[in-house]
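Inside the fold
So the chains spell out like this:
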Amino acid sequence: MRMKLKEICERLDGDLSGDGNIEITGVSGIKEALPNQITFVANPKYLAAIATTQAGAIIIGRGVNGNGKPTICVENPYWAFVKVLEMFAWDKNHRALPGVHETAILGKNVKLGERVAIQAFAYIADNVEIGDDTVIQPFVYIGEGTKIGADGLIYPHVSIREEVTIGNRVIIHCGAVIGSDGFGFAPVSNRHHKIPQIGTVVIEDDVEIGANTTIDRATLAETLIKRGTKLDNLVQIAHNVVIGEDCCLAAQVGIAGSTTLGDRVNIAGHGGAAGHLTLGEDSVVYAKSAVTKDMPAGSHLSGFPARPHKQELRIHAATRRLPELLPEFAKLQKRVAELEAKIQEPEDED
Amino acid sequence: MRMKLKEICERLDGDLSGDGNIEITGVSGIKEALPNQITFVANPKYLAAIATTQAGAIIIGRGVNGNGKPTICVENPYWAFVKVLEMFAWDKNHRALPGVHETAILGKNVKLGERVAIQAFAYIADNVEIGDDTVIQPFVYIGEGTKIGADGLIYPHVSIREEVTIGNRVIIHCGAVIGSDGFGFAPVSNRHHKIPQIGTVVIEDDVEIGANTTIDRATLAETLIKRGTKLDNLVQIAHNVVIGEDCCLAAQVGIAGSTTLGDRVNIAGHGGAAGHLTLGEDSVVYAKSAVTKDMPAGSHLSGFPARPHKQELRIHAATRRLPELLPEFAKLQKRVAELEAKIQEPEDED
Amino acid sequence: MRMKLKEICERLDGDLSGDGNIEITGVSGIKEALPNQITFVANPKYLAAIATTQAGAIIIGRGVNGNGKPTICVENPYWAFVKVLEMFAWDKNHRALPGVHETAILGKNVKLGERVAIQAFAYIADNVEIGDDTVIQPFVYIGEGTKIGADGLIYPHVSIREEVTIGNRVIIHCGAVIGSDGFGFAPVSNRHHKIPQIGTVVIEDDVEIGANTTIDRATLAETLIKRGTKLDNLVQIAHNVVIGEDCCLAAQVGIAGSTTLGDRVNIAGHGGAAGHLTLGEDSVVYAKSAVTKDMPAGSHLSGFPARPHKQELRIHAATRRLPELLPEFAKLQKRVAELEAKIQEPEDED
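It should be emphasised that the depicted structure is a prediction, and the values quoted were computed from it without experimental measurement.

Let us now look at the packing of helix 1 (residues 5–12) of chain C against helix 2 (residues 77–88) of chain C. Two packed helices can be described by the angle between their axes and the distance between those axes. All names here are of chain C. Following both chains from N to C, one finds helix 1 and helix 2 inclined at 125 degrees, their axes separated by 10 Å at the closest point. In terms of orientation, helix 1 lies oblique with respect to helix 2. Considering the relative orientation of helix 1 and helix 2, their crossing is right-handed. Along the contact surface, helix 1 presents Ile8, Arg11 and Leu12, while helix 2 presents Ala80, Lys83, Val84, Met87 and Phe88. A class-by-class count of the residues in the contact of helix 1 with helix 2 yields 6 nonpolar, no polar and 2 charged.

Structural data, given as structure tokens:
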């Protein structure tokens, strides 16, 4: 992948300064950039690095001095940088060829949109529908009756079980499992009797699902991941969970059964929520914390059981002082006892 | 899938009230049910919903008023509901066709029972044995010499390594790994030298293993999951672990090496146990808690290191009061100092 | 697998006592060993078991009395035991046949070293390079331009995405994902815009990666796992992370983006580190703990946020006393109030 600086500038709708004919072959941070790479400065604290960077070109904001180096000047350098990353992104430059690979297996009555790519060793069961331009990579399993929208990208070793519905522009990373049975058992004389999980999973548009993440199907009805939500790797979504729009769940988060997350909820790594609760929109759950009861919109929660983060911080700070408090308390008890003795004495003398 | 109400009633051995010829095409909760679905009321607090549900039929207990709607009256409506779910379960109605798919690979000396289904792209190594009616779905890997019992269901992308033994009626969900090497290294001058893991894994009858769960093989001897135990998704079972009968380990639980869990142990999400310990039967470990030493049967544990749950709750409650306690303590210290000063004064006057 | 005792002794360079012609078919612990198995005693507390073990032969240290049983006497019995395990290890005795299986798919311009084994249903994309003696097991996906060194062992269902670099003697267990997209999004009017992850992953020599572990590719540059590091199952390594040499990360550990671990860092199960921090070499992080800021070399950390382990233990001990402290504190307050009243009274009388 190589582009002339002037081409990049044009696509960014920026102002070029310096030789537009130099060839850019990659993107890098300002400290690591090589002479054939482009970099950017968005944060003022890196402005000084403009003088020393080896980058072939720099994306800068309005009014920034490029120090005589080739620059592209734009309104929002960070956003321009994201756009440049898109120009150099692997999948944008290695567009999968449409068509069904000869080793792929397609069941009966499979409906493929335009330009769909079904790659080697993909297994598509009966009655599956796949929308335009979606790419199904090697070793993907798609169960009977499942529907996938347009412009999707399903990476190798993904399992999507039967009767699942997936929207448009959904990205599912390697090894993720969608639609596995929810974890439901009825107790029968101290043993666990499996409750069949006859519901499904619905994944809305623009969702991204991380590697080896698991999303269980509902007992009845559906487990639902709403538009624009992003799940990191190794996340567990249990049966009947509803995740709102534009949420971000970091790696190894777990959401227990029948819990509902509002829109724009963020949960940090190893965090989670117990079952059958509602966490209001725009809430934040810190790392390793778990919500155990209903929480209103806009909650900032940490600890386990999760409490308002500020309160948790105060408790933490107080707890840290506890080891020194205990001997002080014992000392104070002794002083009070001494005072009591002294006060007592005069009375005895009476 | 569609059944007449009278057929369902017959299979539940219940008493029908209303038109037995209506067709039921699904199962749903009492609030969400559509006119072609059957629902149930087991909990008295939902009795009022009988009047308003749109369900085509309702499973009710003895003595419950069906409000003129089609009902099936049974002794135990919850259990009848599980039975109806089984009637409508996908895998019961889409029984895999017996036989070996033409793309599947079978090694030498593979022994298949009656009606075994080996689906597309399955890989069965030499000397594998698979019992009657077991279904091996696409992309399953079964290593050399492994034995799987009857009536098993192995979902796509499961890896079962060599020389593993799996019982009857075992369900293994997508992407689970059975028999990977235990994590064992001998320190050699600050480096880690791999200790070959030459043991195996034994999974007894009626075990269910969740999606992307991993169960390591033992260094010597075996890692053992006993009869009836259920593991949720993304669970880690390390080498030489023994899990008792009828345990339930929720998602993302981790059990470290050589630990033994008694029968009927329940561990909630993100919980776990350190290595080389014994957790007695009928114990419960709460979410995000981890047991770090031997604990007797019937323990209810939470926190880290896990303590008796009631004790942990008292500590939590006390800790929450700590931020207000600290200034009160400082105040008390001051008051005692003032008292001391007052008591001192008269003495000085002597 | 069977070996004569004298062969084992020769390969261990030990001193044989007893019949060297007996056949050994396995290795076991001293208590569980059967008459055809070899065992060892390294820990003095098991010396007494020499008299009662059923093992066919025992590896013992210098000066240890073999009680008349067949023994191999060596300088370091534990190390000799590891060597015996290697003799009996499955993969050493079931060396994969070199060659490309007829069902495997090789892209254009793939470079294979000597004696490489590409097993059934492996998918090797264009421009991949694989070094001498490396074994690629069934259902492995290797993306375009990825390089794997010599003597590697890649287990079933591993996904290695494009442009990744893997060193020599690397073992990757079933279902692991190397090179998935880092979890990076730019906020655009309350929505998440994907930041293409155009960097890569570099895995150095002698690394072992556990089952279903995920290692994300960097946004720019590389995610780096240095020589000799061992990752257990279900571990998450986020984008731009650097893990030093000879580290050990236990199961379900998570390391957030752009964090750097020094050499020989050990992290126990469910532990982790937040993003953008440095954890010095030879540090230890206890189970379920997470580091949230830079920590110097040699740190022993526990809790969340992780603090020096000794300090954390003191806080824990103090916290456990808190429930009894609270009523004592209330009592002390009352006593002080009484003292104050008494002191006051005489003044009033004046």
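With 68 residues of chain A at the contact, the number on the chain B side is 65 residues. Across the interface of chain A and chain B, roughly 5300 Å² is buried in total on both sides, 69% from carbon and sulfur atoms. Broken down residue by residue, the surface that chain A buries against chain B is led by Phe183, His192 and Leu339 of chain A, which jointly contribute 12%. The residue glutamate 340 of chain B makes a salt bridge to arginine 335 of chain A at a minimum N-O spacing of 2.7 Å. Linking chain A with chain B are 17 residue pairs in polar contact (both at pLDDT 80 or more), by the criterion used here. Counting only elements with at least two residues in the side of chain A that touches chain B, the list comes to strand 21 (177–180), strand 22 (185–188), strand 23 (191–194), strand 26 (214–216) and helix 4 (309–349) of chain A. Sort the elements by how many residues they give to the side of chain A that touches chain B and helix 4 of chain A lands first, with 16 residues. Of the residues assigned to the side of chain A that touches chain B, the class counts are 32 nonpolar, 21 polar and 15 charged.

This brings us to the sheet that holds strand 9 (residues 105–106) of chain A. Residue and element names in this part refer to chain A. Here we have 10 strands laid out as an open sheet, ordered 9-12-15-18-21-26-29-32-35-38, and parallel in their pairing. Looking at strand neighbours, the two that pair on one side only are strand 9 and strand 38 (290–291), the edges of this open sheet. Across 2 bridges, strand 29 (residues 236–237) lies against strand 32 (residues 254–255) in parallel orientation. Across the sheet, residue glutamine 236 finds its bridge partner in strand 32, namely glycine 254.

Now for the domain arrangement of chain A. What the domain assignment reports for chain A is domain 1 (3–93) and domain 2 (99–308). Using only C-alpha atoms to locate each centre, domain 1 of chain A and domain 2 of chain A end up separated by 37 Å.

All names here are of chain B. Summarising the element assignment, proline 98 is placed in the loop between helix 3 (90–93) and strand 8 (99–100). A C-alpha to C-alpha distance of 8.3 Å links proline 98 and glutamate 114, two positions 16 residues apart in sequence. Dropping the residues within four chain positions of it, proline 98 is found in contact with Arg115, Val116 and Ala117.

Residues and elements named next belong to chain B. Across the sheet, which stays open at both edges, the 10 strands sit in the order 9-12-15-18-21-26-29-32-35-38 with parallel pairing between neighbours. Looking at the sheet topology across the chains shown, the edges are occupied by strand 9 (105–106) and strand 38 (290–291). With 2 bridges joining them, strand 35 (residues 272–273) and strand 38 adopt parallel strand pairing. Within the sheet, the bridge partner assigned to alanine 273 lies in strand 38 and is valine 291.

The next point concerns the relation of the copies chain A and chain B. Mapping chain A onto chain B calls for a rotation angle of 120 degrees and an axial translation of 0.0 Å; the resulting RMSD is 0.1 Å. Here the copies are linked by what is in effect a three-fold axis.

Attention now moves to the pairing of strand 23 (residues 191–194) of chain C. Residue and element names in this part refer to chain C. Where strand 22 (residues 185–188) lies against strand 23, 4 bridges are found, and the strand directions are antiparallel. Along strand 23, the bridge assignment pairs alanine 186 with histidine 193. The hairpin turn running from strand 22 into strand 23, its antiparallel successor, is 2 residues long, and serine 189 in that turn takes a positive phi close to 40 degrees.

On to the packing of aromatic side chains, then. In the structure shown here, the tally under the stated rule is 24 aromatic pairs over all chains. When the centroid spacing of 6.1 Å and the interplanar angle of 80 degrees are considered together, the rings of phenylalanine 139 of chain A and phenylalanine 139 of chain C count as edge-to-face. A residue pair is termed interchain when its members come from two chains, as with phenylalanine 139 of chain A in the loop between strand 14 (135–136) and strand 15 (141–142) and phenylalanine 139 of chain C in the loop between strand 14 (135–136) and strand 15 (141–142). According to the relative accessible area criterion, phenylalanine 139 of chain A is buried, its value standing at 0%. Taken together, the aromatic side chains of Phe121 and Phe139 of chain A, Phe121 and Phe139 of chain B together with Phe121 and Phe139 of chain C make up a single cluster linked through ring pairs.

Rules of the game
- Every chain begins its residue count from 1, and numbering advances along the sequence as written.
- The lettering of chains begins at A and the numbering of ligands begins at 1, in the order of writing.
- The predicted origin of the model limits local features to residues at a pLDDT of at least 70 and limits the giving and counting of side-chain atom pairs to 80 or more, whereas totals for whole chains, interfaces and linings rest on all residues.
- Water and hydrogen atoms were dropped before computing side-chain values, which therefore reflect all heavy atoms in the structure.
- To obtain an axis, a line is fitted to C-alpha atoms, over the contacting stretch when the element is a helix, and the angle between two such axes runs from 0 to 180 degrees between their N-to-C directions.
- Secondary structure counts use DSSP, requiring at least four H or I residues in a row for a helix and at least two E residues in a row for a strand, with both numbered from the N terminus.
- For classification, angles of less than 35 degrees are called roughly parallel, those exceeding 145 degrees roughly antiparallel, those between 65 and 115 degrees roughly perpendicular, and all remaining angles oblique.
- Left-handed is the label given to a crossing in which the near helix is rotated counterclockwise from the far helix by less than a right angle, and right-handed is the label when the rotation is clockwise.
- In this analysis, two residues are considered to be in contact whenever any of their non-hydrogen atoms come within 4.5 Å of each other.
- Any residue that is not Ala, Val, Leu, Ile, Met, Phe, Trp, Tyr, Cys, Pro, Asp, Glu, Lys or Arg is counted as polar, Gly included; the first ten are nonpolar and the last four charged.
- Two parts placed together each lose some accessible area; with a 1.4 Å probe, that loss summed over both constitutes the buried area.
- We define a salt bridge as a contact between a side-chain nitrogen of Lys or Arg and a carboxyl oxygen of Asp or Glu at a distance within 4 Å.
- In the analysis that follows, any N or O atom pair within 3.5 Å is treated as a polar contact, provided that within protein one partner can donate a hydrogen and the other can accept it, and provided that, for residues neighboring in sequence, both atoms belong to side chains.
- A strand pair is defined by DSSP finding two or more bridges across the two strands.
- Boundaries between domains were set according to an automatic or database domain assignment.
- For this overlay, a least-squares fit was computed on C-alpha atoms, restricted to residues scoring pLDDT of at least 70 in both copies.
- For Phe, Tyr and Trp, rings pair up if their centres lie within 6.5 Å, where Trp contributes its six-membered ring, and each pair is then called stacked (planes under 30 degrees apart), edge-to-face (over 60) or tilted (otherwise).
- Partly exposed residues are those whose accessible area sits between 20% and 50% of the maximum for their type, while under 20% is buried and over 50% is exposed, using a 1.4 Å probe and protein chains only.

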